[in-house]
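Chain residues, written in single-letter form:
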Amino acid sequence: MISTKKRVGVVVQTHWDREWYFSREQFVARLMRVMERVADQLEAGQLEQFLFDGQVAALEDLLAHGEPELCERVLRLVRAGRIALGPWYVMADEFLCSGESLWRNLEIGMADARRHGNCQLVGYLPDSFGHIAQMPQLLRQFGIASAVLWRGIDTPHSEFDWVALDGSTVGSLFLTQGYYQHPFNVDDWRSALERYLQQIEGRALSPNLLLTQGGDHLLPHAELAERMAAFNADQAQYELVQEGLQAHAERVLAATAGRRPQVHGELRDNTQAYVLPDVLSTRRYLKLAHQQAEDRLLGEIEPLYAMLDVPLPARALEQCWRTLLQQQAHDSICGCSADTVHREMVSRFEQLAQRLDGLRHQALVAAGMVSDERAVQPGPFVDDASITLFNPVPQASEDWHTVRLFLAGEAAGDLGVRDLAGHLLNSAVLKVTAGHQFHSPLDDFPDPLNGHHYEVALQCPLAGLETRQLWVNKITATRPEQGLQEIGNPHYRIALNEDGELQIHADGCTQPLWIGSELDAGDSYNFSPPPQPEQRQHRRFTLVSARRCGAVQEMVLAISACLPASLDAQRQGPSADEVDCEGLLRLRLLGDSRCIDAQLDWNNHAQDQRSRLVLPLASTITESWSDGAFAWQRRPVVLADYPATPSRREMPPAVNPSHSAIAAGRVNLAHRAMQEYEIVALGEQQALAVTLVRSVGWLSRRDLVTRGVGAGPDLATPEAQCLGPQRFDFRLNLLDEAGSLALLGQARALRRPVLCLRGHSDRWRTPYQLDHPDLQTSSLRRQGQARELRVWNPGSEALASVPAFGIATFTP
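Basis of the calculations
- Residues numbered from 1 in each chain as written.
- Predicted model: local features only at pLDDT ≥ 70, side-chain atom pairs only at ≥ 80, totals over all residues.
- Heavy atoms only, no water.
- Axes fitted to C-alpha atoms, helices over the stretch in contact; angles between N-to-C directions.
- Helix = DSSP H or I, 4+ residues; strand = E, 2+ residues; numbered from the N terminus.
- Parallel < 35°, antiparallel > 145°, perpendicular 65-115°, else oblique.
- Left-handed = near helix turned anticlockwise from the far one by under 90°.
- Contact = heavy atoms within 4.5 Å.
- Nonpolar A, V, L, I, M, F, W, Y, C, P; charged D, E, K, R; others polar.
- Buried < 20%, exposed > 50% of the residue type's maximum accessible area, 1.4 Å probe, protein only.
- Core = buried A, V, L, I, M, F, W, Y, C linked by side-chain atoms within 4.5 Å.
- Salt bridge = Lys/Arg side-chain N within 4 Å of Asp/Glu carboxyl O.
- Disulfide = S-S within 2.5 Å.
- 1 Å grid on protein atoms, 1.4 Å probe; cavity = no way out; pocket = protein on both sides within 12 Å on 5 of 7 lines; lining within 4 Å.
- Points joined across faces, edges and corners; volume = space filled by probe spheres on them.

Look at helix H9 (residues 284-307) against helix H12 (residues 339-366): their axes get within 10 Å of each other, and the N-to-C directions meet at 20 degrees. Regarding the angle of H9 to H12, the classification is roughly parallel. In this structure, H9 crosses over H12, and the sense of that crossing is left-handed. Every residue of H12 that contacts H9 at Tyr285, Leu286, Ala289, His290, Ala293, Arg296, Leu297, Glu300, Ile301, Leu304 and Tyr305 is listed here: His342, Met345, Val346, Phe349, Leu352, Ala353, Leu356, Asp357, Leu359, Arg360, Gln362 and Ala363. Tallied by class, residues from the contact of H9 with H12 come to 16 nonpolar, three polar and four charged.

What follows deals with helix H13 (residues 742-751). Buried residues dominate H13, accounting for eight of its ten residues. Here H13 has its buried residues at Leu743, Leu744, Gly745, Gln746, Ala747, Arg748, Leu750 and Arg751.

This brings us to the nonpolar core. Ranked by size, the top nonpolar core spans 151 residues in total, and within it Phe52, Ile83, Leu138 and Leu197 carry the most contacts. Discounting residues that sit within four places of it in the chain, isoleucine 83 has contacts with Met35, Leu42, Phe50, Phe52, Val74, Leu77, Val78 and Asn118. With 46 residues, the next largest nonpolar core counts Ile515, Ala606, Leu615 and Leu734 among its residues.

Applying the stated criterion across every chain yields a total of 64 salt bridges. Between arginine 73 and glutamate 43 there is a salt bridge, and its shortest N-O distance comes to 2.7 Å. In this pair, arginine 73 is assigned in helix H3 (residues 68-79) and glutamate 43 in helix H1 (residues 24-43), connecting sequence segments 30 residues apart. A relative accessible area of 13% places arginine 73 in the buried class. Two residues, glutamate 300 and arginine 296, come together in a salt bridge whose shortest N-O distance is 3.0 Å. Placement of the pair is glutamate 300 and arginine 296 together in helix H9, with a separation of four residues, close to one helical turn. By relative accessible area, glutamate 300 is classed as buried at 7%. Taken together, the shared-partner salt bridges connect Glu100, Arg104, Glu107, Glu302, Arg781, Glu788 and Arg790 into one network.

A word on the state of the cysteines. In total, this model carries zero disulfides according to the counting rule given. Summary of cysteine pairing: cysteine 581 is not part of a disulfide, and the nearest cysteine sulfur, belonging to cysteine 562, is at 8.7 Å.

The subject of this paragraph is unusual backbone geometry. A cis amide bond links glycine 86 to the next residue, proline 87, at an omega of 10 degrees. Note that proline 87 resides in the loop between strand E3 (83-84) and helix H4 (99-116). Backbone geometry places leucine 276, a non-glycine residue, at a positive phi of 50 degrees. One non-glycine residue with positive phi stands out, namely arginine 283, at about 50 degrees. Looking at the element boundaries, arginine 283 is found in the loop between strand E10 (262-264) and H9. In this structure arginine 283 comes out as buried when scored by relative accessible area, which is 0%.

Attention now goes to the environment of alanine 506. You can see alanine 506 is positioned in strand E19 (residues 502-506). Judged by its relative accessible area of 7%, alanine 506 falls in the buried class. For the pair formed by alanine 506 and proline 490, sequence separation is 16 residues and the distance between their alpha carbons is 9.1 Å. In this structure, alanine 506 is in contact with His491, Tyr492, Leu734 and Leu735, ignoring residues within four places of it in sequence.

This part covers empty space enclosed by the protein. As enumerated under the stated definition, the model contains eight cavities of 30 Å³ or more in all. Taken as a whole, the largest cavity holds about 330 Å³ of empty space. Along the wall of the largest cavity there are 21 residues; nearest its centre are Ser660, Arg751, Arg752, Thr777 and Trp792. When residues in the lining of the largest cavity are grouped by element, the largest group, four residues, is from H13. Looking at the lining of the largest cavity residue by residue, the class counts come to six nonpolar, eight polar and seven charged. The calculated volume of the second largest cavity comes to roughly 160 Å³. Surrounding the second largest cavity, 16 residues form its lining, Ser158, Phe174, Ile200, Leu209 and Leu210 being those nearest its centre. Going through the elements one at a time, strand E7 (169-174), helix H6 (189-201), strand E8 (208-213) and helix H8 (245-255) are the ones with two or more residues in the lining of the second largest cavity.

What follows is the structure, given as structure tokens:
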């Protein structure tokens, strides 16, 4: 007799945040207890299979800290297919890391899982705060044809086909009630189980239902098998069966083939589940340290070893990637964890920077550009009298570069930079400071080398992956033209008006710029205005200096913003006390550049507030553009509509993610780690508002008008107020149309600039330049003796051999 029961696949699982409300070490101790119980139940036959959260880093923690007997038991169960691993190394936030980082995440995670004995081929992403548009293409590139998701989806059914920008499709399961389901763990387990099944069955396109039994850091229930058997015996509607996630997904997708609706692109809808959008700006100092490390790996260290004929430190590079990827775990990089977690993250970023310094030095020593022995020329105590400029990407560079040099001895008034043929390059010294460099030879005592640091603007266009060897010498000073009231080039004129407001004149239009601030009664996940909101505009700048040095012009402006010191004690409105926040804005024009290079040093003294860079738009727009993982994304304008009172719903996201480029009307902004922006209403106008600092004092709260239910434990996080100095680097282009791909090149020049290396070498490999300038470089690395180049196409038409919106990997 054929059963009419609906089949319920019970996937026993734990979701393992390696750090969150507890530190990593505290969760490691908990991990030992959980996995010992899991091993006991698997070996006793109480569990058929256990899903280890789809991220291999948790197993890595177990193997690093567990007793040998427990480690061997777990590995034996992995090899037997009883514990499912992968495909991810960590569950990263998809909007705050590059597409290449997500690629390496899968690459390392799947390799680790297979090395240990099994790798599930399901794109399991149960708790990421929304999903990038190109995830289906990324999964398909690794042979993964299915995904299981929760947040960001708004579809009536629990099965759908998720389609990437290039058309790549993965069959997907929507966890309509979330991944955190543990009905067997509660006292009234039958009622809880029946309630859950009734909630999900009406949305399923097949009689195959899914229960992800487990939750954050939870043990499997000791009587799970007995309770499943009792439930099966006592009713005729459902048949519970323990199984693996991959087997369940394959069964459901086969049963629903041809009937699943399509969902296209990015998933950030919060109608059915919170996406917690304001993590994009929480603890921005973490985002900056992360981008600096990611850019050094992808824009410095890997290209150096790809283009220099020197030994490849493959293991050291892999360890660097593992450290970086661990920092990308969603509760880590999003800044929504306990203060102690993020202090430890800062320490790990510092350690990673030191490793990258060592790898750079190792490459230069192996290439003969520098030496760490007195007995080997050029010796360890040398300065930057000889340098090499290296373009680390296979696209032609811009004309002008800003480099930093160290020269021994007395300060020079100016520097002469010549190529090997003796031709003098156009340059300008922007800053000189006394200092020293400390060297420790392998064959002698360590000693400092005293001298001066120079910041130099240098005109030297380079083809893709080209190098240029140069000599630097001290010359008589060229006196800069000081005391200017404005600066300008053929494209821009920059000045303050009579009220001290900054005005940038370009292409017949005038572009203002100011700092805006508003009170924030939210938490690390969501911005929320208090009942008595207060917004202020800080428009008045003071001219500190304006000068011209050759083809380079610079203006320095000071700004002071008076803000409420914090919310009042009842969190209803501003405190009575106020504080001043100070800023220094430097604007530079390098020759006839179409971009204005900008740097803002901002010293925040205010709590419970959000400060933003505000650029009013000349006309109303309906869409903006920003870059993401393997995508140049068009984004409809959503104006914030704040509820009057808290509710269980999360306000629709008004803020948008950006890796390094934002386009709104004629305002094109390339940036470093200013990853949250919004189009806001200014009366009848609109403005681009880019978050600088968001100061909050709670991991989670339950009284927000933008999300009236907790998203985590109600823990105070005073260090998330982000008091103190921060630096913001960005570039403005007011000349190109919105959506222009030229902005991606300008962002690339900011994040992967031309490198200035000490010394000369004859061990450079042949350079290579991409056929089309609009192709975007994801990575260039050495695999064995071959170079591997990965690129992506941001446009809707094929470029060279790369299809529209496609990702391609090849050997140049």
